[in-house]
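Summary of the model geometry
Next come the chains, spelled out residue by residue.
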Amino acid sequence: FYDRLGKLLGDNSFAERLENRTYDHFEQEHRHLFSKGGLVTGFKEIDDQLYFSKGDFVVVQALSNHGKSTFMLQLANRFVNEDENQSQNPLCIFITYESSPLRIEEKLINILGSEFNEREPIQYRRNSEEKYFYADHKEFQRTITTYNKILRENKLHILKRINLEKIPGLIDLYKSEFPGRTICLFLDYFQIIETESDLEDWKKIKAIAYALESLAIGKEIIVFSASQVNEKRQVREGRDIYNAATTVIDIFNHSHSSLELNEDLRKLYKEKIRDQDIDKSICTFTVNKQKHGSSFTLKEYFLFDGYSFGINKPQKFNPFGYHG
């Protein structure tokens, strides 16, 4: 039976494992994928409830220009630098469809500077001979040292515009070159992922969504994709992105000018607050678990300085924000 099953499935090794399956096998595999194979963010109130495991397909949604790309890049940076994740030796692949890799690198360096309280390593200056100020190596020593370590240890690779159909082969290449590492794939962003498919509108979106879900499960990696939503906090193409996702993260910037100028959203607008001599936006962080978990909201949890998200320290975690 198991020989015939293996031939039918095209996977003889799976059939052999099934023949001799025990609880001990289950526990060993479950620990590997979900208990010891997951990653945390370093934000305590988030990590107490949310844990990213191999096989997860995570959607990060927000209105246009509300920080989707920045949050995903900051998440990748925290995955590779957080002490608790080091046993997994995470490797993050960030594929940009909207910007050039050089712009994403610029954003990453400014995220590091912001997280280390070294301010902005790279600044635009209108009236200077060179339009950008570049970091002084002494003043931004921690930022530059960390950035070089990320590159030297192959912790984060930024790639451009890879067709959906080529991504499985890309993951196979990384898994063979860097065996034993937890791979996180970031796609920026969902609606403009390039594909050879002739499908249009919601049918195309549906196909991409379930392809990414299958990729996460089949390759035992964690997949993240940004998704742009409209003013009603919905995607135009329908719910297929969310139906495929394990987890949906919503970032809402209450201080964004688009809210202040919009009659329907003006009631959600909040003035920026002054923190460490910088005006920062107030942001709410919401998680909706589609599968394998619970949902929660951290109201006004983040402050966003344009470069990275930091905790709004006066905010105390409210357990009544938990929805179960």
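These lines cover the structure that appears in this document, whether it is placed above or below. All chains use their own residue numbering, which begins from 1 and follows the written sequence. Only residues with pLDDT of at least 70 get local features here, since the model is predicted, and only at 80 or more are side-chain atom pairs given and counted; chain-wide, interface and lining totals rely on the full set of residues. Values reported for side chains reflect all heavy atoms of the structure, with hydrogen atoms and water molecules removed beforehand.

1. Overview of the overall build of the protein chain
Put simply, the rule is: Numbering of helices and strands runs from the N terminus, with a helix taken as a DSSP run of H or I at least four residues long and a strand as a DSSP run of E at least two residues long. The quantity called the radius of gyration is restricted to C-alpha atoms. Its globule counterpart is 2.2 Å times the number of residues to the power 0.38. Using a 1.4 Å probe on the protein chains alone, a residue whose accessible area is under 20% of its type maximum counts as buried, one over 50% counts as exposed, and one in between counts as partly exposed. Here, residues are in contact when the closest pair of their heavy atoms is within 4.5 Å.
Along the protein chain, the regular secondary structure elements total eleven helices and twelve strands. For a compact globule of 324 residues, the expected C-alpha radius of gyration is about 20 Å, and the protein chain comes in at 21 Å, within 12% of that figure. Relative to its full complement of 324 residues, the protein chain shows a buried share of 48%. Here the analysis covers contacts within the protein chain between residues at least 6 apart in sequence; of these, 68% occur between residues at least 24 apart.

2. Section: the pairing of strand β7 (residues 222–228)
The criterion, for reference: When DSSP finds at least two bridges between two strands, those strands are taken to pair. Throughout, right-handed denotes a crossover for which the path from the first strand over the helix to the second runs clockwise when the strands point away from the viewer.
Extensive coverage of β7 is indicated by the burial of six of its seven residues. Pairing between strand β1 (residues 57–62) and β7: six bridges, direction parallel. Bridge pairing in β7 links Phe57 to Val223. By the bridge criterion, four bridges tie strand β6 (residues 183–188) to β7 in an arrangement that is parallel. By the bridge assignment for β7, Leu185 is matched with Val223. In this view, the connection linking β6 to its parallel neighbour β7 by way of helix α9 (residues 201–219) has right-handed handedness.

3. Some points on the packing of helix α5 (residues 68–81) against helix α6 (residues 101–115)
Going by this rule: Where helices are involved, their axes are fitted lines through C-alpha atoms of the stretch in contact, as for all axes, and angles between N-to-C directions lie from 0 to 180°. Note on convention: near helix rotated counterclockwise from far helix by under a right angle means a left-handed crossing. Clockwise means right-handed.
Two numbers describe how α5 lies on α6: the axes approach to 10 Å, and their chain directions differ by 65 degrees. Relative to α6, the crossing made by α5 is right-handed. Together, Thr70, Leu73, Gln74, Asn77 and Arg78 of α5 and Ile104, Lys107, Leu108, Ile111, Leu112 and Glu115 of α6 make up the contact between the two elements.

4. So, the pattern of salt bridges
Here is the rule we go by: Salt bridge, as applied in this entry: a Lys or Arg side-chain nitrogen positioned within 4 Å of an Asp or Glu carboxyl oxygen.
Here the structure, examined in full by the defined rule, presents eleven salt bridges. Taking the shortest distance from any N to any O, the salt bridge between Glu29 and Arg21 comes out at 2.9 Å. For Glu29, a relative accessible area of 34% corresponds to the partly exposed category. The residue Lys155 makes a salt bridge to Glu153 at a minimum N-O spacing of 3.3 Å. Residue Lys155 is classed as buried on the basis of its relative accessible area of 5%. Residue Glu153 is classed as partly exposed on the basis of its relative accessible area of 32%.

5. Considering the environment of Gly306
With respect to the element layout, Gly306 can be found in the loop between β11 (296–304) and β12 (309–311). Residue classification places Gly306 among the partly exposed residues on the basis of a relative accessible area of 43%. A sequence separation of 199 residues divides Gly306 from Lys107, and the C-alpha atoms of the two residues are 9.8 Å apart.

6. Some points on the pairing of strand β2 (residues 91–96)
The element β2 is largely enclosed, with a buried count of six among its six residues. Of the two faces of β2, the one carrying Leu91, Ile93 and Ile95 and the one carrying Cys92, Phe94 and Thr96 are both buried. Both β2 and β6 contribute to a ladder of six bridges, which runs parallel. By the bridge assignment for β6, Cys92 is matched with Cys184.

7. Notes on the nonpolar core
The condition is simple: As used here, the term nonpolar core means buried Ala, Val, Leu, Ile, Met, Phe, Trp, Tyr and Cys residues forming a set that is joined through side-chain atoms within 4.5 Å.
Counting 45 residues, the largest nonpolar core has Phe186, Phe224, Ile249 and Phe285 as the members making the most contacts within it. When residues of this core are assigned to their parent elements, the largest contribution, seven residues, is made by α5. Apart from residues no more than four positions distant in its own chain, Ile249 is found in contact with Leu50, Phe52, Val58, Val59, Val60, Gln61, Phe71, Phe285, Thr286 and Val287.

8. Looking at unusual backbone geometry
The peptide bond linking Asp188 to Tyr189 adopts the cis configuration, its omega dihedral lying at 0 degrees. For Tyr189, the position within the fold is in the loop between β6 and α9. A positive phi is found at Asn65, a non-glycine position, where the angle reads about 65 degrees. Note that Asn65 resides in the loop between β1 and α5. Of note in the backbone geometry, Gln276 takes a positive phi value of approximately 55 degrees without being a glycine.

9. What to know about the environment of Tyr174
For clarity, the cut-off: Definition of a polar contact: a pair of N or O atoms within 3.5 Å, with one able to donate and the other able to accept a hydrogen when the atoms are protein atoms, and with sequence-neighbouring residues admitted only if both atoms are side-chain atoms.
If you trace the backbone, Tyr174 turns up in helix α8 (residues 167–177). We classify Tyr174 as buried; its relative accessible area is 8%. Linking Tyr174 and Ile93, residues 81 residues apart in sequence, is a C-alpha distance of 9.4 Å. Contact partners of Tyr174, with chain neighbours within four places excluded, come to Leu91, Ile93, His157, Leu159 and Ile183. Within polar-contact distance, the side chain of Tyr174 engages the side chain of His157 at 2.7 Å.

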